[in-house]
Amino acid sequence: MACYTLGIHLYGLALRVAAWFHPKARKWVKGRQNWVEQHRELSAALPENRPLFWFHCASLGEFEQGRPLIEKLKARNRPPLILLTFYSPSGYEIRQKYPQADVVAYLPLDTPAQARAFVAIWQPQLAIFVKYEFWFNVLRQLQKQHVPTLLISGLFRPGQLFFKPYGKPFRRALEGFSHLFVQNEASGQVLSGAGIHQYTVAGDTRIDRVQSIAQQAPEIPAAATFCQSAPVLIAGSSWPEDEACLLPFLNTEFPTDWKAIIAPHEISESNLRNIEQQLSLPCIRYSKAENNPEQLAAARVLLIDNIGMLSALYQYGRIAYIGGGFKTGLHNTLEPIAFGLPVLFGPYYHKFEEARYLVREGGGFVITQKDDLFRTFQQLQHPEAYTAAAAKALSYIKQNQGATQKVLNWIESASL
């Protein structure tokens with residue numbers, strides 16, 4: 001663990017140097033300046049004599065996994081106080097005003113001294129880590145203070161550090177969790193093989209979240225006006241690598257009765273303009289849609305230039321293309337399949353449980369080039385093929401719902 005702590009110190013130093021040049025690193029450093037004083041003030045402002053549950057998420061994706069449990073806890077007759085911490089500036093900045101959390105803050109750098117100070121300030125009654133976040137000095141302090149600690153929506157693979165011959169100190173941190181709720185049987189088998197048995201195969205809490213979104217999605221009038229009765233292809237969180245395949249398809253082989261909504265991962269002006277320049281179809285940005293009804297009616301592509309709308313947009317779709325599969329991180333396929341949309345994505349999807357299921361069962365389709373996109377799109381034009389794919393997509397949601405309740409049952413059985 002001494003090597004780990006040295007690495008953490010060096011990492012913090014590297015970020016402080018990077019802050020001179022990189023905006024995200026600058027936000028990371030600025031958000032942790034004078035954190036002890038800030039956290040003491042935030043803690044002192046909370047009501048007394050109420051239990052505090054601490055949730056830690058790396059960024060937005062993990063927050064969406066923790067969110068269903070937070071909201072279930074807040075719906076109790078005697079809800080706990082919720083401390084929500086983020087590691088990433090992108091998660092913190094977008095969710096810093098999340099109303100179900102009593103405090104939203106950055107987690108400090110995981111040195112022994114800062115871990116001791118953090119746990120001493122907040123004194124949580126329960127700590128909940130989401131998916132991948134393992135900060136070993138903080139975990140050690142929680143264990144020393146006998147704070148019940150959970151992992152939810154966890155995923156484990158044999159090649160991870162914990163399970164290496166030299167990974168015993170890190171494996172000990174897993175042993176210190178009160179309980180680990182993992183997404184699949186493979187993760188459970190890896191833990192069991194390492195002698196860790198306090199786990200439950202509960203599934204992914206994100207599924208409960210996306211199911212709730214699908215049931216409560218608000219209408220988006222401009223999108224509804226754009227789509228009208230046309231079938232719609234929705235491209236969610238696309239990267240330039242995805243657009244290199246998608247945009248030529250739209251220009252040359254997209255059926256004339258279809259429309260498309262593109263929600264790029266990067267919404268900088270330069271990227272939006274680049275997409276517009278590559279499109280030969282009539283296109284309008286969402287921000288200009290309400291004031292240009294004639295252009296909206298004539299457009300065949302609606303370009304989304306904001307953040308936070310994508311999950312509700314899937315209600316207007318018939319097929320979804322999910323970005324990130326030509327890089328190393330496929331984006332959220334659960335949101336579209338909660339609406340029963342077959343999904344298309346690039347070849348790098350194997351780290352994602354739901355994507356593997358979708359490909360195996362026929363609710364998801366792998367695209368490596370424009371010709372694949374054309375062939376798959378043509379295949380899904382046949383009503384029987386489309387109905388079967390949509391049913392397989394939705395079946396993953398139906399089969400795997402309920403992870404949040406399993407965690408809640410554990411919390412209640414522990415009288416927390």
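Heads up: the structure comes first, above all this text.
We now turn to the structure provided with this report. Everything numeric in this text was worked out from a predicted model, so none of it was measured. All residue numbers here refer to positions counted from 1 along the written sequence of the relevant chain. At least 70 in pLDDT is required for a residue's local features to be given in this predicted model, at least 80 for side-chain atom pairs to be given and counted, and no such filter applies to totals for whole chains, interfaces and linings, which use all residues. Hydrogen atoms and water are omitted, and side-chain values are computed over all heavy atoms in the structure.

## Some remarks on a positive patch on the surface
Patch membership requires more than 30% relative accessible area and the absence of a salt bridge. Residues of like charge join within 9 Å; the nonpolar side chains Val, Leu, Ile, Met, Phe, Trp and Tyr join within 5 Å. For every accessible area listed, the method is Shrake-Rupley and the probe measures 1.4 Å; residues are considered covered only by the protein chains on display. The term salt bridge refers to a pairing of a side-chain nitrogen on Lys or Arg with a carboxyl oxygen on Asp or Glu at a separation within 4 Å. The charge count treats Lys and Arg as positive and Asp and Glu as negative. His and the chain ends do not count. Every charge is mapped onto a representative atom, which is NZ of Lys, CZ of Arg, CG of Asp or CD of Glu. Side chains of R116, R140, K144, K168 and R172 sit close together on the surface and give a patch of like positive charge. Helix and strand definitions here come from DSSP, where helices need a minimum of 4 consecutive H or I residues and strands a minimum of 2 consecutive E residues; each element is numbered from the N-terminal end. Every element with two or more residues in the positive patch is listed here: α7 (136-144) and α8 (168-175). Looking at the element boundaries, R140 is found in helix α7. Residue classification places R140 among the partly exposed positions, given a relative accessible area of 38%. Each residue gets one of three labels from its accessible area relative to the maximum for its type: buried under 20%, exposed over 50%, partly exposed in between, using a 1.4 Å probe on protein chains only.

## What to know about the sheet that holds strand β8 (residues 232-238)
Through backbone hydrogen bonds, the strands of a sheet pair up, either in parallel or in antiparallel fashion. For two strands to be treated as a pair, DSSP must find at least two bridges joining them. The strand order β10-β11-β9-β8-β12-β13-β14 describes an open sheet built from 7 strands, whose pairing is parallel. The open sheet has two free edges, formed respectively by β10 (283-285) and β14 (364-366), since each of these has just one partner strand. Going from strand to strand, the sheet's axes swing by 20° on average, the running direction of each strand aside. When strand β13 (residues 343-345) meets β14, the two strands line up parallel, connected through 3 bridges. Fitted lines through C-alpha atoms serve as axes, helices being fitted only where they are in contact, and the angles separating the N-to-C directions of these axes extend from 0 to 180 degrees.

## Topic: the pattern of salt bridges
Considering all chains together, one arrives at 16 salt bridges under this definition. Residues R209 and E64 are paired through a salt bridge, measuring 2.8 Å at the closest nitrogen-oxygen approach. Of this pair, R209 sits in helix α10 (residues 205-216) while E64 is found in helix α4 (residues 60-74), placing the two residues 145 residues apart along the sequence. Between K74 and D102 there is a salt bridge whose closest N-O contact spans 2.7 Å.

## Considering the packing of helix α3 (residues 35-44) against helix α6 (residues 112-122)
Put simply, α3 and α6 touch, their axes get as near as 9 Å, and they point 15° apart. The orientation of α3 relative to α6 falls into the category roughly parallel. Along this stretch, α3 crosses α6, giving a crossing that reads as right-handed. Between α3, through W35, V36, H39, R40, L42 and S43, and α6, the contact on the second element is made entirely by Q114, A117, F118, I121 and W122. Put simply, Ala, Val, Leu, Ile, Met, Phe, Trp, Tyr, Cys and Pro go in the nonpolar bin, Asp, Glu, Lys and Arg in the charged bin, and everything else, Gly too, in the polar bin. Considering only residue class, the contact of α3 with α6 consists of 7 nonpolar, 3 polar and 1 charged. We call two directions roughly parallel when the angle between them is under 35 degrees, roughly antiparallel when it is over 145, roughly perpendicular when it lies between 65 and 115, and oblique otherwise. Note: crossing handedness is left-handed where the near helix turns anticlockwise from the far helix by less than a right angle, and right-handed where it turns clockwise. In what follows, a contact means two residues having at least one pair of non-hydrogen atoms within 4.5 Å.

## What about the nonpolar core?
Soluble globular proteins: nonpolar side chains tend toward being buried together. Counting residues in hydrophobic clusters, the biggest one holds 45 residues, and the most contacted among them are W54, F129, L142, F156 and L174. In terms of residue count, α6 provides more of this core than any other element does, 5 residues in total. Dropping the residues within four chain positions of it, W54 is found in contact with L83, T85, L107, F118, P124, L126, A127, I128, F129, V138 and L142. Formed by 41 residues, the second largest nonpolar core is a distinct cluster that contains I234, M309, L330 and Y396. We call a set of buried residues a nonpolar core when its members are Ala, Val, Leu, Ile, Met, Phe, Trp, Tyr or Cys and they connect through side-chain atoms within 4.5 Å of each other.

## A word on the sheet that holds strand β1 (residues 52-57)
Spatially, the 7 strands line up as an open sheet ordered β3-β2-β1-β4-β5-β6-β7, and their pairing is parallel. Edge positions in the open sheet fall to β3 (103-106) and β7 (199-201), since each of these has one partner strand only. Between one strand and the next, the sheet's axes are offset by a mean angle of 20°, whatever the strand orientation. Relative to strand β5 (residues 149-154), strand β4 (residues 126-130) runs parallel, the two sharing 4 bridges. Of the residues in β5, the one forming a bridge with A127 is T149.

## Concerning α4
Between the first and last C-alpha of α4 there are 20 Å, a value that for 15 residues agrees with the 21 Å anticipated at 1.5 Å per step. Within α4, 11 of the 15 residues are buried, which leaves the element mostly enclosed by the surrounding structure. Restricting attention to buried positions, one finds in α4 the residues E62, F63, E64, Q65, G66, R67, P68, L69, I70, L73 and K74. For a helix, the expected span equals 1.5 Å multiplied by the residue count minus one.

## Considerations on the packing of α4 against helix α20 (residues 403-413)
Each packed pair of helices is defined by two parameters, the angle between the axes and the distance between the axes. Close contact between α4 and α20 brings their axes to 9 Å; oriented N to C, the two are set at 50°. It follows from the interaxial angle that α4 and α20 lie oblique. As α4 packs across α20, the resulting crossing turns out to be right-handed. Within the contact between the two elements, α4 uses P68, L69, K72 and L73 and α20 uses T404, Q405, V407, L408 and I411. Tallied by class, the residues present in the contact of α4 with α20 amount to 6 nonpolar, 2 polar and 1 charged.

## Some details on the packing of aromatic side chains
Between the rings of Phe, Tyr and Trp (Trp by its six-membered ring), a pair exists once the centres lie within 6.5 Å; its type follows the angle of the planes, with under 30 degrees stacked, over 60 edge-to-face, and the other angles tilted. The tally for this structure, following the rule as stated, stands at 26 aromatic pairs. Here the aromatic rings of W35 and F118 are separated by 6.4 Å at their centres, their planes lie at 45°, and the arrangement is tilted. In this pair, W35 sits in helix α3 while F118 sits in helix α6, placing the two residues 83 residues apart along the sequence. Judged on exposure class, the residue W35 and its partner F118 are both buried. Among the aromatic residues, those joined into a ring-pair cluster are Y4, W35, W54, F118, F129, F134, F136, F156, F162, F163, F170 and F177. Against the face of Y87 rests R32, its NZ or CZ located 5.4 Å from the ring centre. Residue placement shows K259 over the ring face of F226; its charged tip is 4.8 Å from the ring centre. The criterion for a charge sitting over a ring is simple: Lys NZ or Arg CZ within 6 Å of the ring centre, and within 35 degrees of the ring normal.

## Section: unusual backbone geometry
Even without being a glycine, S153 presents a positive backbone phi close to 55°. Its location among the elements puts S153 in strand β5. Exposure remark for S153: the relative accessible area of 1% places this residue in the buried category. Even without glycine at this site, S237 takes up a positive phi of about 55°.

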